[in-house]
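# Per-entry structural report
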Amino acid sequence: IVGEEAYKWVYYNPKKIIFPYESQPFQNCLINLVKKNNKKITLIGYDHSSNPFPMYNIYNSNSPDLLYVHSKASKIFYSKYFKWPKNKVKKNSIN
């Protein structure tokens, strides 16, 4: 979703937008657009990488509302070192 196409998503009024989160500029643009125009949409990012130190994912105003990670260690790491609030980091689980 780029440029004007992103606006359409905001106005379709979805309940959530789920995306792989890498702090890419286009992702930050989408997050900013949604937060400014439709606060009812929950933004959910998923850290799909196994990068041991994803410094680009430090918590800030352009972070998604929730971040799913693939391990308990990642959840602790994000909260402890990247300043993510504990309630905003979830371990992805099939159980």
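Residues numbered from 1 in each chain as written. Predicted model: local features only at pLDDT ≥ 70, side-chain atom pairs only at ≥ 80, totals over all residues. Heavy atoms only, no water.

## Things to note about the sheet that holds strand β3 (residues 66-69)
Defined as follows: A pair of strands is treated as paired once DSSP finds two or more bridges between them. Working definition: helices are DSSP H or I runs of at least four residues, strands are E runs of at least two. Numbering for both runs from the N terminus. Every angle, taken between N-to-C directions, lies between 0 and 180 degrees, and every axis is a line fitted to C-alpha atoms, over only the stretch in contact when it is a helix. We call two residues contacting when some pair of their heavy atoms lies within 4.5 Å.
Strand order in the open sheet formed by four strands is β1-β2-β3-β4, with parallel pairing between adjacent strands. A single partner strand is all that each edge strand has here, and the edge strands are β1 (16-20) and β4 (89-91). Across the sheet, the mean angle separating the axes of adjacent strands is 25 degrees when strand polarity is ignored. Sheet strands in contact with helix α2 (residues 25-37) are β1 and β2 (42-46), and its direction is about 165 degrees off that of β1. Against the sheet, helix α3 (residues 72-81) contacts β3 and β4, and its axis sits at roughly 170 degrees relative to β4.

## Some thoughts on α3
What counts is decided by this rule: When accessible area is computed with a 1.4 Å probe and restricted to protein chains, residues below 20% of their type maximum are described as buried, those above 50% as exposed, and intermediate ones as partly exposed. The arc in question is formed by the directions pointing from the helix axis toward the C-beta atoms.
Every buried residue belonging to α3 is among Ser74, Tyr78 and Ser79, and all of these are buried. Projected down its long axis, α3 shows its buried positions confined to an angular sector of 130 degrees, all on one face. Those residues of α3 that are exposed and aimed more than 90 degrees away from the buried face are Lys72, Ala73 and Lys80. On its buried side, α3 packs onto β3 and β4.

## Re the side chain of Asp47
What counts, and what does not: Positive residues here are Lys and Arg, negative ones are Asp and Glu, while His and the chain termini are left out of the count. Between Lys or Arg on one side and Asp or Glu on the other, a salt bridge is scored when a side-chain nitrogen of the former is within 4 Å of a carboxyl oxygen of the latter. Distance and chemistry together define a polar contact, namely a pair of N or O atoms within 3.5 Å, with one atom able to donate a hydrogen and the other to accept it when in protein, and with adjacent residues in sequence counting only for side-chain atoms on both sides.
Within the secondary structure, Asp47 is located in the loop between β2 and β3. For the buried Asp47, no salt bridge exists, and the shortest N-O distance to an oppositely charged side chain is 13 Å, to Lys91. In terms of polar contacts, Asp47 uses its side chain to reach the side chain of Tyr78, at 2.7 Å. Asp47 has contacts with Tyr21, Pro54, Asn57, Leu67, Tyr68, Val69, His70 and Tyr78, leaving out every residue within four places of it along the chain.

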